[in-house]
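So you can see what is in the structure, the chains are spelled out below.
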Amino acid sequence: MNVSIETLEFPLCIKNKILRIKDITKLNIEYISGKNIIFKNTNLGLFEPHKVIISNNYNGIVILCYNEDTMLYKDDLNTITINELTDIIKVLLEKN
């Protein structure tokens, strides 16, 4: 089976939204672009979401985001607001 994998560009609006959080640059931030996976000669395809991994030396959080969607999601697919993410960042900074 032929598979086509297209790497998507990470949305700049999401990066900007995350980088506005106070003191977040003191933590490790990794942006991983999502992928569009297409199975050729079928009507099947998969979309791997973009990931943002924010961590200190001991703990971290994975945030998911999708193209054309300004919402952020935790790894259990529950939505997370910027205020909730800010609170998590504060805890990560305290434990750093």
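Below is a short write-up of the structure. (Residues numbered from 1 in each chain as written. Predicted model: local features only at pLDDT ≥ 70, side-chain atom pairs only at ≥ 80, totals over all residues. Heavy atoms only, no water.)

Details of the overall build of the chain
Counting its secondary structure elements, the chain contains two helices and eight strands. From first element to last, N terminus to C terminus, the chain shows the α and β order β-α-β-β-β-β-β-β-β-α. Principal axes of the C-alpha set define a box for the chain whose edges measure 50 × 25 × 20 Å. By residue count, 29% of the 96 residues in the chain fall in the buried class. Intrachain contacts of the chain at a sequence separation of at least 6 include 51% that bridge at least 24 residues. Of the accessible surface of the chain, which amounts to about 6,400 Å², a share of 49% is contributed by carbon and sulfur atoms. Computed over 11 positive and 12 negative side-chain charges, the separation of the two mean positions in the chain equals 4 Å. (Helix = DSSP H or I, 4+ residues; strand = E, 2+ residues; numbered from the N terminus. Buried < 20%, exposed > 50% of the residue type's maximum accessible area, 1.4 Å probe, protein only. Contact = heavy atoms within 4.5 Å. Areas by Shrake-Rupley, 256 points an atom, 1.4 Å probe, with all protein chains shown as cover. Lys, Arg positive; Asp, Glu negative; His and termini not counted. Charge placed at Lys NZ, Arg CZ, Asp CG, Glu CD.)

Notes on the packing of aromatic side chains
For the structure on display, the rule yields three aromatic pairs. An angle of 65° between the planes, with centres 5.2 Å apart, marks the rings of Phe10 and Tyr31 as edge-to-face. With a gap of 21 residues between them, Phe10 in the loop between strand 1 (3-7) and helix 1 (12-19) and Tyr31 in strand 2 (residues 28-32) connect regions that are remote in the sequence. The partly exposed category is assigned to Tyr31, whose relative accessible area is 26%. With centroids separated by 5.8 Å and ring planes inclined at 35°, the aromatic side chains of Phe47 and Tyr66 adopt a geometry described as tilted. (Phe/Tyr/Trp six-rings, centres within 6.5 Å; stacked < 30°, edge-to-face > 60°.)

Considerations on the sheet that holds strand 5 (residues 50-55)
Spatial ordering of the open sheet is given by 2-5-6-7-8, a layout of five strands whose pairing is antiparallel. Only two strands of the sheet have a single partner each, and these edge strands are strand 2 and strand 8 (79-80). For strand 2 and strand 5, the ladder comprises five bridges, and the chain directions are antiparallel. When the sheet's bridge partners are listed, Ile32 is paired in strand 5 with Lys51. Contacts between helix 1 and the sheet are confined to strand 2, strand 5, strand 6 (60-65) and strand 7 (72-74), with strand 2 contributing the most and set at about 170° to the helix. (Pairing = 2+ DSSP bridges. Axes fitted to C-alpha atoms, helices over the stretch in contact; angles between N-to-C directions.)

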